[in-house]
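Single-letter residue listing:
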Amino acid sequence: MPANFFCVAELAFVRLWACSWMPQQLRPRTESSTYAFAIPTMLAKRSVWAARMRVVMRSGSLLSAAIVAVMGLEICARMTGLETLRWLSWASLGAVIILSFRRLGMREYYLLSTSALTTALALFFPLGKDGMIPGALDQASFLMAFILLLGLLHEAAASSPSVSELGAYLTRQPPRRRYYALNGGTAIMSILFNVGVVSFLVPLIQRGIRQAAPDDPLNPIRERRQLSALLRGFAWSVIWSPTAIAPLVLMELMQGVDRLRWILIGLVIFFGVMALGGIEDQLRYRRTRGRRPIVPPPFPRHAAVMFLAACGWLLGMAAIVAWATGDTIVFGLIVACPVMLVGWIWAQNAKGAAWPVLQDRLGELYRDTLPKAAPIAVTLACSGYIGRMLAGLIPAQAFGQAIGIDAVPDYVLLGLLPSVIALLSLSALSPIMMAIFFGSLFGALPVMPADPTLIALSISCGWALAMTFSPFSTVVLLTGRVSGLAPITLTWRWNLTFSFLAALLLLGVFRILTLF
């Protein structure tokens, strides 16, 4: 208030002084008594303006506008290649960080501080390469736009009756089938939901357990088994899913990667890890028996067909956009997401008032959903930025020679890389940051130490391994927030043995892959 008072008082004094020097005919037609109320009037106007600004800031409308700008400008910048749009995309990225600052947590503050530190090293010390900071900003704005655009699919899928039927079916299976149903079902649903599958299925699981047997002492075990199956299914879906962030980011960083071959090998590994997890689950709880058998509901065929049709529509649109623009499937996906959002909501309400419902849903999305998505968007943006900056600050060729990477057999490098990424993620560095760092590092080497496709696959396996091993991974933090369980419980207490077995399995898998 004092600052406002002195500022307004000074403006009023300047106005009086200027008017005193003006000729009479040029002075504003204002009674002298008006000047007595100049200061209170201006103070009142200033206070009203400040109050309105506070309301706007609290409502999140400016933040939503900045988020929409990031998504739109990133698409337009990649489509046109205009440098102006690229700079505007970076500016929108900064606006999202500033406007969401009060919504962020300790993890985001830590990542922002690390981003500032890496930027200072690049600016004030001769360590970095030319174009390193712009490249890191491109990576950050791309990841922010990508996770936000994929989040649009979650909003449409969350209100789909077909998706609800499938989710209920997955959570109401007998113990011997439940692990595989939840593990595989979560992986399939993550194609459209991405990390949002956690916020959708976790409440279904917990609510279903409480409703089936409210006082059963085995309920904590059921919760552990089902949440572990869900977490493992989502984690290992990143090695094959066409919409997973890990492969799409690595394809931007590394040359010579065969995406189709990657998906096929990833599916084989996924089924192997699923079988390993199912065996571990059965052996751990082989002596546990419920009070009464669970009768599963019939398989919702129509819901499954509609869900697969939605997946096919999304991937088909992405492929058409990629073919028409000559860009990658990554760009096709980010263009297809907003179209898919509008089309899916319209299809859900085609028999009723589709247009009013669409308006209401888009308005709710703009007012409430987009601001809530800001923290995870900032997390991924900072992770991408730091990963690219660290890879640029470390000379790839000299680093490779220092650790003797050329002397390491390819199967040893590929088999141990996932474990290294998982261990490094314990330093509060997110798995995506480690994946981007290693992807940038290998991409900068003059000669790849192994098959580029297998290197990319190994890095994505490290990302998957870290998601059941590191309490700092995004999916673990989100699962903990939704379920009320500690991240250490979800990882070290529940999944440490599984993570160790999966790491050993990868050693044998990559030994076999390098023989062909």
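Just so you know, these numbers come straight off a predicted model, no measurement behind them.

Caption draft 1: Structural context of the overall build of the protein chain. Counting secondary structure elements, the protein chain contains 23 helices and zero strands. Residues classed as buried in the protein chain amount to 50% of the 516 residues present. A separation of at least 24 residues holds for 79% of the contacts in the protein chain among residues at least 6 apart in sequence. Counting every atom, the protein chain has about 24,800 Å² of accessible surface; 68% of that belongs to carbon and sulfur.

Caption draft 2: Structural view of the environment of Ile245. For Ile245, the location among the structural elements is in helix 12 (residues 245-253). Distance in space between the C-alpha atoms of Ile245 and Ile432 is 8.6 Å, their sequence separation being 187 residues. Contact partners of Ile245, with chain neighbours within four places excluded, come to Leu143, Phe146, Ile147, Asn194, Leu380, Ile432 and Trp463.

Caption draft 3: Seen up close, the packing of helix 15 (residues 329-348) against helix 16 (residues 354-372). In contact at an axis separation of 9 Å, helix 15 and helix 16 are set at 135 degrees when each is read in the N-to-C sense. Regarding the angle of helix 15 to helix 16, the classification is oblique. Crossing geometry of helix 15 relative to helix 16 is assigned as right-handed. Here Leu341, Val342, Ile345, Trp346 and Gln348 of helix 15 come into contact with helix 16, specifically with Ala354, Trp355, Leu358, Arg361, Leu362 and Leu365. Counted by class, the contact of helix 15 with helix 16 contains nine nonpolar, one polar and one charged residues.

Caption draft 4: Quick look at the packing of aromatic side chains. What the rule picks out here adds up to seven aromatic pairs. Between Tyr179 and Tyr180, the ring centres sit 5.7 Å apart and the planes meet at 85 degrees, which makes this aromatic pair edge-to-face. Among the aromatic residues, ring-to-ring pairing joins Trp240, Phe270 and Phe271 into one connected group. Positioned above the aromatic ring of Phe498, the side-chain terminus of Arg232 is 4.2 Å from the ring centre. Its end group placed over the ring of Trp262, Arg259 keeps NZ or CZ at 5.0 Å from the ring centre.

Caption draft 5: Looking closely at the layout of surface pockets. Approximately 770 Å³ is the volume attributed to the second largest pocket. Elements with a minimum of two residues in the lining of the second largest pocket: helix 6 (106-124), helix 7 (132-158), helix 10 (196-212), helix 15, helix 16, helix 17 (374-393) and helix 22 (474-483). If you tally residues by element for the lining of the second largest pocket, the top one is helix 16, at eight residues. Tallied by class, the residues present in the lining of the second largest pocket amount to 18 nonpolar, eight polar and nine charged.

Caption draft 6: Main features of a nonpolar patch on the surface. Among the surface-exposed residues, Leu416, Val420, Leu424, Phe500, Leu504 and Leu507 lie close enough to one another that they form a single nonpolar patch of about 500 Å² accessible area. Broken down by secondary-structure element, the contributors of at least two residues to the nonpolar patch are helix 19 (410-424) and helix 23 (487-513). With respect to the helices, strands and loops of the structure, Leu504 is situated in helix 23. The class for Leu504 is partly exposed, based on a relative accessible area of 44%.

What counts and what doesn't
The numbering scheme is per chain: residues are counted from 1 as the chain's sequence reads. Local features in this predicted model are restricted to residues of pLDDT 70 or higher, and side-chain atom pairs are both shown and tallied only at a pLDDT of 80 or more, whereas totals for entire chains, interfaces and linings draw on every residue. Excluded from the side-chain calculations are hydrogens and water; all other atoms, namely the structure's heavy atoms, are used. Numbering of helices and strands starts at the N terminus; helices are DSSP runs of H or I of at least 4 residues and strands are runs of E of at least 2. Partly exposed describes any residue whose relative accessible area lies between the buried limit of under 20% and the exposed limit of over 50%, with all areas from a 1.4 Å probe on protein chains only and scaled to the type maximum. Two residues form a contact once any of their heavy atoms are found within 4.5 Å. Per-residue and other accessible areas were derived by the Shrake-Rupley procedure at a 1.4 Å probe size, with only the shown protein chains allowed to occlude residues. What counts as an axis is a line fitted to C-alpha atoms, over the stretch in contact for a helix, and the angles between N-to-C directions run from 0 to 180 degrees. Note on terminology: angles under 35 degrees are roughly parallel, angles over 145 are roughly antiparallel, angles of 65 to 115 are roughly perpendicular, and the others are oblique. Here a crossing is called left-handed whenever its near helix is offset anticlockwise from the far helix by less than a right angle, and right-handed whenever the offset is clockwise. Here the term charged refers only to Asp, Glu, Lys and Arg, the term nonpolar to Ala, Val, Leu, Ile, Met, Phe, Trp, Tyr, Cys and Pro, and the term polar to all other amino acids, Gly among them. Aromatic pairs are defined between Phe, Tyr and Trp rings, using the six-membered ring for Trp, whenever the two ring centres lie within 6.5 Å; interplanar angles under 30 degrees are classed as stacked, those over 60 as edge-to-face, and all others as tilted. We call a charge positioned above a ring when the Lys NZ or Arg CZ atom is no farther than 6 Å from the ring centre and deviates by at most 35 degrees from the ring normal. Here a cavity denotes grid points, spaced 1 Å and computed from the protein atoms alone, that fit a 1.4 Å probe unable to get out, and a pocket denotes an open set having protein on both sides within 12 Å along at least 5 of 7 lines; residues with an atom within 4 Å of a point are the lining. Grid points are joined across faces, edges and corners, and a volume is the space filled by probe spheres set on the points. Note on patches: the residues involved have over 30% relative accessible area and no salt bridge, like charges join within 9 Å, and the nonpolar side chains Val, Leu, Ile, Met, Phe, Trp and Tyr join within 5 Å. For this document, the term salt bridge refers to a Lys or Arg side-chain nitrogen within 4 Å of an Asp or Glu carboxyl oxygen.

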